[in-house]
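A structural walkthrough
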Amino acid sequence: MSKSLVLIVMGSESDLPVMEEAAKVLKEFGVSHEMRISSAHRAPKKTGLMAAEARDRGVRVIIAGAGMAAHLAGVVAAETTLPVIGVPMPGGALNGVDALYSTVQMPGGIPVATMAIGKAGAKNAGLFAVQILALADNELAGKLAVFRQSMADEVEEKDARLLTS
């Protein structure tokens, strides 16, 4: 059984710099995770099997990032009942808008929580995974509260510096 609570899967190695943002967040919160590469189009059997077996390996949330046609999150969601968070990758002819549309426009019955395009979306995917896990983990919920408060404190500090300059 896997010790990873979150599976981060991306369609290609070129997606790694973006998806590392999700991994950074999970690491910051002490959430075990693994990163994999699999393609909904070039390796559909591998992708389907990875998604189908995730729950039995101990995974509780899947983050899937892909660009262009970006069916990775949808294919993964079709093969598991775990929550799937989609991250559209930037690039291509439409600068990620095509990936956003194909990730967010899932048919009724197969939900994918879709984040913003690129690094901000990957960071939020990591945070959303932490929020999902925190439903059953009070320690993690406490870490989230501290994180949110630190963001608010940072804004106040910047505002105070601006007022005194």
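Look up a bit, the structure's there.
Residues numbered from 1 in each chain as written. Predicted model: local features only at pLDDT ≥ 70, side-chain atom pairs only at ≥ 80, totals over all residues. Heavy atoms only, no water.

Quick look at the side chain of T80
To keep it simple, the criterion reads: In this description a helix means any DSSP run of H or I spanning at least four residues, a strand means any run of E spanning at least two, and both kinds are numbered starting from the N terminus. Here a residue-residue contact requires only that any non-hydrogen atoms of the pair lie within 4.5 Å.
With respect to the secondary-structure elements, T80 resides in the loop between α3 (72-78) and β4 (84-88). Here T80 is in contact with A51 and I62, once residues within four sequence places are set aside.

Some details on helix α5 (residues 119-134)
Keep this limit in mind: The length a helix should cover is 1.5 Å for every residue beyond the first. Burial status follows relative accessibility: with a 1.4 Å probe on protein chains alone, a residue under 20% of its type maximum counts as buried, one over 50% as exposed, and anything between as partly exposed.
Here α5 is 16 residues long and its end C-alpha atoms lie 22 Å apart, about the 22 Å a rise of 1.5 Å per residue gives. Buried residues of α5: G121, A122, A125, G126, L127, A129, V130, L133 and A134, and no others.

Some points on the sheet that holds strand β5 (residues 113-114)
Strand pairing in a sheet relies on backbone hydrogen bonds, with the paired strands running either antiparallel or parallel. Applied cut-off: Two strands pair under a simple rule: DSSP has to find at least two bridges between them. Helix axes use the C-alpha atoms of the stretch in contact, all axes being lines fitted to C-alpha atoms, and the angles between their N-to-C directions lie in the range 0 to 180 degrees.
Taken in spatial order, the five strands of this open sheet run β2-β1-β3-β4-β5, and their pairing is parallel. Edge positions in the sheet fall to β2 (33-37) and β5, since each of these pairs with one other strand and no more. Strand direction decides the pairing type here: strand β1 (residues 6-10) and strand β3 (residues 61-66), joined by five bridges, are parallel. Residue pairing in the sheet places L7 in a bridge with I62 of β3. Along the sheet, helix α1 (residues 16-28) makes contact with β1, β2, β3 and β4, crossing β1 at roughly 170 degrees. Packed on one face of the sheet, α5 meets β1, β3, β4 and β5 and runs near 170 degrees to β4.

Side note on the packing of aromatic side chains
Worth spelling out the cut-off: Side-chain rings of Phe, Tyr and Trp (the six-membered ring for Trp) are treated as a pair once their centres are within 6.5 Å; stacked means planes under 30 degrees apart, edge-to-face means over 60, and tilted covers the remaining angles.
Under the definition given, this model contains one aromatic pair. Note on F29 and F147: the rings are 5.6 Å apart at their centroids and 65 degrees apart in plane angle, and the pair reads as edge-to-face. You can see F29 sitting in the loop between α1 and β2 and its partner F147 sitting in helix α6 (residues 138-164), a full 118 residues away along the chain. For the pair formed by F29 and F147, the shared burial category is buried.

Focus: the side chain of D15
Operational definition: When charges are counted, neither His nor the chain ends are considered; positive counts come from Lys and Arg and negative counts from Asp and Glu. Think of a salt bridge as a Lys or Arg side-chain nitrogen and an Asp or Glu carboxyl oxygen that are within 4 Å of each other.
Among the secondary structure elements, D15 is positioned in the loop between β1 and α1. Salt bridges are absent for the buried D15, whose nearest opposite-charge side chain, R42, sits at 6.9 Å. Ignoring any residue separated from it by four or fewer positions in sequence, one finds D15 in contact with M10, G65, A66 and M89.

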